[in-house]
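Observations on chain architecture
Here's the letter readout for the chains.
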Amino acid sequence: MDSLDNPIRPYAWGSTTALPALLGTEPTGEPQAELWMGAHPGAPSRLNRGAGPRTLGETITADPESELGPRALAAFGPRLPFLLKVLAAGSPLSLQVHPSRSQAQRGFADEERRGVPLDAPHRNYKDANHKPELICALTPFEGLCGFRPAARAAALLEGLGIDELKPYALTLRSRPADEALREVLTGLLGADRTTLAPTVDRAARAAERLGGDYAPYAGIARHHPGDPGVLAAMLLHHVTLRPGEALYLGAGVPHAYLSGLGVEIMANSDNVLRCGLTPKHVDVPELLRVVRFEPTDAGVLRPEPGPGGEEVYPAPIDEFRLSRFVLAADAGTDTGTHTGTHTRTGARTIPAGGPQILLCTHGTVTLRTDAPGSAELTLRPGRSAYVPASETVTITGPGTLFRATVAQ
């Protein structure tokens, strides 16, 4: 196993304090948005096996079968199929959606054929892969996820008392849900931004005055004044996760993270189509081809008991599997539950079989593997380790350890 040296991404929406607090470092005063753990070429983790630092991607490429195991290699090719992050949102991220694999393949091939540079600001598809993702809260975590029932979205718009929004509310009440949601989102995002901005500003003031269910949208508007995405956000469920709860976001589901610290895992892709709450490019026609216009349940996930004290976050995807262990220092008892958490004591064994990244988020966790000559490794909050497919790991606490691997 290897200790990982992981990059921090300084996106403007990042918190200035949350990641430093987790890592035990001094804040720099600049946003620190995401701690990346994986082999994504945009910001790969690094390790050192005695011959100097190299990226995790280079390590896997040198011997993919040993590093990934035959099953993962056959299923996903010679690359790590997932990317693990700690995400620290200090302000709202863009309202966005991710394509399915087939949509990504078509879109990427089309932009390659047309010669659109990969770094062009109007490029939609950075690769040919889908990007399902799962976020697990470490602190109270706010987000938007999936379309509300159309009638509920209509009621929110009506409650603002703004004449210009009444046609949107009428559409939501009088048309089939999928048609209504498509028409309203198209109208909001396709409108002239300068013309719509006064309506957005009046809606923001009304939301500030009304509070309650409107408070999240008033907060969004403070960060994105005049943005049509403020109104589009009212079409979506507002969700507050407690620590340990999670959301799974599949293809076509519009979403945005608003605030909080969480562990995020996703397929190894960078494909994002933005719907609003951003100064970046919004390709409305392509967006409308990708979004699933159907009301859904927000689908808050809680961990399910797994083998050996493991707590698993279920997700219908092969590229990744996220779980955690909550370990106490002494041995022999189960200390009960709290917000879905079973605190198990004593050593736990994680079997070999696929590539793993292990991340400590609380306390200290000590790792030992069965590899000849392998040294013991102790992880503190924010520190992580990569374990190749051939190694079995024994873990002891006291601490909380997240495990990222491929689905079995």
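Everything here concerns the structure above.
One structure accompanies this document, and this report is about it. (Residues numbered from 1 in each chain as written. Predicted model: local features only at pLDDT ≥ 70, side-chain atom pairs only at ≥ 80, totals over all residues. Heavy atoms only, no water.)

1. Concerning the state of the cysteines
Note the following rule: Any two cysteine sulfur atoms lying within 2.5 Å of each other are counted as a disulfide. Under the scheme applied here, a residue whose accessible area is under 20% of the maximum for its type counts as buried, over 50% as exposed, and between as partly exposed, the area being computed with a 1.4 Å probe on protein chains only.
In total, this model carries 0 disulfides according to the counting rule given. With no disulfide of its own, Cys136 lies 14 Å from the sulfur of Cys360, the closest cysteine sulfur. Assessed through its relative accessible area of 0%, Cys136 is described here as buried. Here Cys360 falls in the buried class, since its relative accessible area comes to 0%.

2. What about the sheet that holds strand β20 (residues 348–350)?
Under the convention used in this document: Strands are treated as partners if at least two bridges between them are detected by DSSP. Under the scheme used here, helices are H or I runs from DSSP no shorter than 4 residues and strands are E runs no shorter than 2 residues, and both carry numbers assigned from the N terminus. To obtain each axis, a line is fitted to C-alpha atoms, and for helices this fit is confined to the stretch in contact; angles are then taken between N-to-C directions over 0 to 180 degrees.
Strand order in this open sheet of 4 strands is β20-β25-β22-β23, and the pairing throughout is antiparallel. Edge positions in the sheet fall to β20 and β23 (377–379), since each has one partner strand and no second. The sheet shows a mean angle of 30 degrees between the axes of neighbouring strands, taken without regard to direction. Here strand β22 (residues 365–369) runs beside strand β25 (residues 393–396); their pairing, made up of 4 bridges, is antiparallel. When the bridges of β25 are listed, Arg368 appears paired with Thr394.

3. A short note on helix α10 (residues 215–223)
Residues lying three or four places apart along an α-helix face the same way, a consequence of the helix completing one turn every 3.6 residues. So the rule is basically this: We call two residues contacting when some pair of their heavy atoms lies within 4.5 Å.
All buried positions along α10 are accounted for by Pro216, Tyr217, Ala218, Gly219, Ile220 and Ala221. In this fold, the buried residues of α10 make contact with β9 (141–147), α6 (150–159), α9 (193–210), α11 (229–232), β10 (236–241) and β12 (255–267).

4. Side note on the packing of helix α7 (residues 166–174) against helix α8 (residues 177–190)
Definition in use: Should an angle fall under 35 degrees it is called roughly parallel, over 145 degrees roughly antiparallel, and 65 to 115 degrees roughly perpendicular, with every other angle called oblique. A crossing counts as left-handed when the near helix is turned anticlockwise from the far one by less than a right angle, and as right-handed when that turn is clockwise. Lys, Arg, Asp and Glu make up the charged group, whereas Ala, Val, Leu, Ile, Met, Phe, Trp, Tyr, Cys and Pro make up the nonpolar group; the residues left over, Gly among them, are polar.
At a closest axis distance of 8 Å, the pairing of α7 and α8 adopts a crossing angle of 160 degrees. The angle between α7 and α8 falls in the class roughly antiparallel. Two packed elements cross with a definite hand, and for α7 against α8 that hand is right-handed. Every residue of α8 that contacts α7 at Tyr168, Thr171 and Leu172 is listed here: Ala180, Leu181, Glu183, Val184, Gly187 and Leu188. Class assignment of the residues belonging to the contact of α7 with α8 gives a composition of 6 nonpolar, 2 polar and 1 charged.

5. A few points about the packing of aromatic side chains
As a reminder, the rule being used: Aromatic pairs are defined between Phe, Tyr and Trp rings, using the six-membered ring for Trp, whenever the two ring centres lie within 6.5 Å; interplanar angles under 30 degrees are classed as stacked, those over 60 as edge-to-face, and all others as tilted.
According to the stated counting rule, one finds 3 aromatic pairs in the structure shown. Ring geometry for Tyr11 and Trp13: centres 5.8 Å apart, planes at 35 degrees, overall tilted. On the basis of relative accessibility, which here comes to 27%, the residue Tyr11 falls in the partly exposed class. Relative to Tyr257, the ring of Phe141 lies with its centre 5.5 Å away and its plane at 70 degrees, an arrangement referred to as edge-to-face.

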